[in-house]
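# Observations on the three-dimensional arrangement
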Amino acid sequence: WGPEVGGPIIRVFRNTLATGEPYISPPFTEKRHDLGIEQTYEWETQRVTLPDGQHGVVCYFHEVTERAQATEALRASQERMRLAAEATGVGIWEWNVLTDAIRWDASMFRIYGIEPTPDGLVHYDDWSGAVVPEDLVDNETILQDIVRRCGQSTREFRIRRRSDGECRWIHAVETTRANHEGKAEWVLGTNLDVTERVVSAGALRDANRLKDEFLATLAHELRNPLAPVRMASEFLRLKGPAIPQLQWAVDVIDRQTQAMSRLIDDLMDVSRINQGKIELRREHVALGEIVHGAVETSHPLINELGHELTVTLPPRPVIVDADVTRLAQVFLNLLNNAAKYTDRGGQIALRAELQGRDVVVSVTDTGIGIPADKLPTLFEMFSQVEGALSRSRGGLGIGLCLVKRLVEMHGGSIEAKSGGLGKGSEFVVRLPIVVEQTAPRPASHDDGGVKSISSLRILVVDDNRDAAESLAMLLTALGNSVHTAHDGEEAVAAAGTFRPDVVLCDIGLPKLNGYEACRRMKAQAWDEKMILIALTGWGQDDDRRKSEEAGFDHHMVKPVEPQALMKVLAAIGSVKARSDLLS
């Protein structure tokens, strides 16, 4: 060794000899030329007593390559963790359960707005004093629980940052490390400031709530004017002269009000599905029954546009586990789309065939087709094939979004195909079938016409005078005795003097809303046999629940189909007639 190395070594030897203090050198690396590798060593000096009583120094050399490599790997890992924590903003802390010592890294001090300590040690109060009091008890309970069971936890809570007093949301994750006895010895945790995410999520929830409230209000406001139009057209159909032009006008009014009602229902359905508020009422039913119902409903539009429709079903009944109304809604939407987006005199085909344990239903048309770049987004909300200015076929771009979600709720899938613009379209719905082909429920056969009902005393309550008078005219034409009222207080008074068998009552009424009017009528002694029906533009599940709680016997959404209303009234009339006979 040269003097630059040998000099310090000689000084170490002399110090050990003089003082008796041992010395351990820092690790150093030397290349082993005989092995062609580098190895790490330490050397150590110790004073020894010789047989003659004199002191000497012994030097030991240790090969510590593996230990040095492990130490360097640990150091590099800790450095990477530190850099990752700084980059992501994650604070890391540890708690020695046995000594109660708590140590934070630099990010923890930054998150809590506390001046760092030289050794990173903090008091429990530094943490607990920053946690919002309403969240502190739950936090302490969770920490005590994971220590007791040597478990893990993930949660979010609020703190009041010490530096500026600002309230922040913290996402916390903790895990425990046990000793040889299986008891928690350490708690290791991370904290991350997620205030922006929580605030954004809250804003999104508020926006969704406001959107739902807006949609419900919009639906109510749109349904209200449709109700008198629908009833007036039915009255014209029933009492108007048999003039072809008049009947044509009535048909047009019916088709357009029904189309408007479907648009409103589709809009509300998408909102309800997004909130998980739609539950399917499933039963084993023949697919053919569902298809025929959809075809029958779509026929007026298909015929109006001069299209030719062919329907091909398997030779034997195919049973599916489905909500009849919702699955019919799927096929009706596809048929109506095919009709709207096909130029007059086109061809539409609905074909169903079995493929293994599935039934595949395709709806094809010779219409305007779909560009290839539109196919991937076709089932998204508000997606349109045509531009807003060039679109002439109508629609809000929500029908296919609703169709896709309803099909998926039935455990199926839907795919759109097209050769491009001008080459028609095909929509393929795949649904699981019921393998055990049990007998489905019998199909209902209803000619859809308004039937005569038993003579009833009916009170119609609606602040929209057109709605009240048009409904009253139709009910009177069908042989009922009808009285009208236009606010809640007038309705309660009229019920006391008119003593109706049935009350058809709107909810949004002046002076006294429909719920309270219903409660007051139900509280009267003469209400024993009176049936109250909510007839309203409010159609959300919560609206139906409120109606039931107020005492309404039925809840029907405007514009109600006359046939549906007459069925309910006919049933009430039948019960009344039997009761009159018995009395």
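### Concerning the overall build of the chain
When its secondary structure is counted, the chain shows 15 helices and 22 strands. In the chain, buried positions account for 42% of the 583 residues. Partitioning the intrachain contacts of the chain with sequence separation of at least 6 by distance along the chain shows that 61% fall at a separation of at least 24. Carbon and sulfur atoms make up 54% of the accessible area of the chain, which totals about 31,700 Å².

### Description of the packing of aromatic side chains
What the rule picks out here adds up to eight aromatic pairs. The interplanar angle of 40° and the centroid separation of 6.5 Å between the aromatic rings of Phe13 and Trp43 together place this pair among those described as tilted. Of the two residues, Phe13 sits in helix H1 (residues 3–19) while Trp43 sits in strand S3 (residues 37–49), which places them 30 residues apart along the sequence. Pairing Trp104 with Tyr112 gives two aromatic rings, centres 5.0 Å apart and planes at 35°, and the pair type is tilted. Within the aromatic cluster, the residues linked to one another by ring pairs are Phe13, Tyr23 and Trp43. One cation-aromatic arrangement involves Arg457 over Phe498; the distance from NZ or CZ to the ring centre is 4.2 Å.

### Section: the sheet that holds strand S8 (residues 152–160)
What links the strands of a sheet is backbone hydrogen bonding, and the strands pair in either a parallel or an antiparallel sense. Pairing in this open sheet of six strands is antiparallel, and the strands run S7-S6-S5-S10-S9-S8 from one edge to the other. Whereas interior strands pair on both sides, the edge strands pair on one side only; in this sheet they are strand S7 (121–122) and S8. One ladder, built from nine bridges, connects strand S9 (residues 167–178) with strand S10 (residues 184–193); its direction is antiparallel. Following the sheet pairing, Thr176 is matched in S10 by Val187. Against the sheet, helix H5 (residues 133–149) engages strand S5 (91–96), S8, S9 and S10, with an angle of about 155° to S8.

### Examining the pattern of salt bridges
Considering all chains together, one arrives at 25 salt bridges under this definition. Notably, a salt bridge pairs Asp193 with Arg168, separated by 2.9 Å at the nearest N-O pair. In this pair, Asp193 sits in strand S10 while Arg168 sits in strand S9, placing the two residues 25 residues apart along the sequence. On the accessibility criterion, Asp193 (22% relative accessible area) is partly exposed. Here the salt bridges share partners, and the residues they tie into one network are Arg161, Asp164, Glu166, Arg168, Asp193 and Glu196.

### Things to note about the pairing of strand S21 (residues 531–536)
Counting buried positions along S21 yields five of six residues, so the element is predominantly enclosed. In terms of strand pairing, strand S20 (residues 502–505) meets S21 through four bridges, oriented parallel. Residue pairing across strands places Cys505 opposite Ala534, the latter belonging to S21. As paired elements, S21 and strand S22 (residues 554–557) share four bridges and run parallel to each other. When the sheet's bridge partners are listed, Ile533 is paired in S22 with His554. Handedness of the S21-helix H14 (residues 541–550)-S22 crossover: right-handed.

### What to know about the pairing of strand S18 (residues 457–461)
Burial of S18 is extensive: four of the five residues sit out of reach of the surface. The pairing of S18 with strand S19 (residues 481–485) spans five bridges and is classified as parallel. Within the sheet, the bridge partner assigned to Arg457 lies in S19 and is Ser481. Handedness of the S18-helix H11 (residues 465–477)-S19 crossover: right-handed. Bridging between S18 and S20 involves four bridges; their strand directions are parallel. Across the sheet, the residue bridging to Ile458 is Val502, located in S20.

Each value, and the rule that gives it
Residues numbered from 1 in each chain as written. Predicted model: local features only at pLDDT ≥ 70, side-chain atom pairs only at ≥ 80, totals over all residues. Heavy atoms only, no water. Helix = DSSP H or I, 4+ residues; strand = E, 2+ residues; numbered from the N terminus. Buried < 20%, exposed > 50% of the residue type's maximum accessible area, 1.4 Å probe, protein only. Contact = heavy atoms within 4.5 Å. Areas by Shrake-Rupley, 256 points an atom, 1.4 Å probe, with all protein chains shown as cover. Phe/Tyr/Trp six-rings, centres within 6.5 Å; stacked < 30°, edge-to-face > 60°. Lys NZ or Arg CZ within 6 Å of the ring centre and 35° of its normal. Pairing = 2+ DSSP bridges. Axes fitted to C-alpha atoms, helices over the stretch in contact; angles between N-to-C directions. Salt bridge = Lys/Arg side-chain N within 4 Å of Asp/Glu carboxyl O. Right-handed = clockwise from strand over helix to strand, strands pointing away.

No statement about biological role is implied by the geometric values presented.
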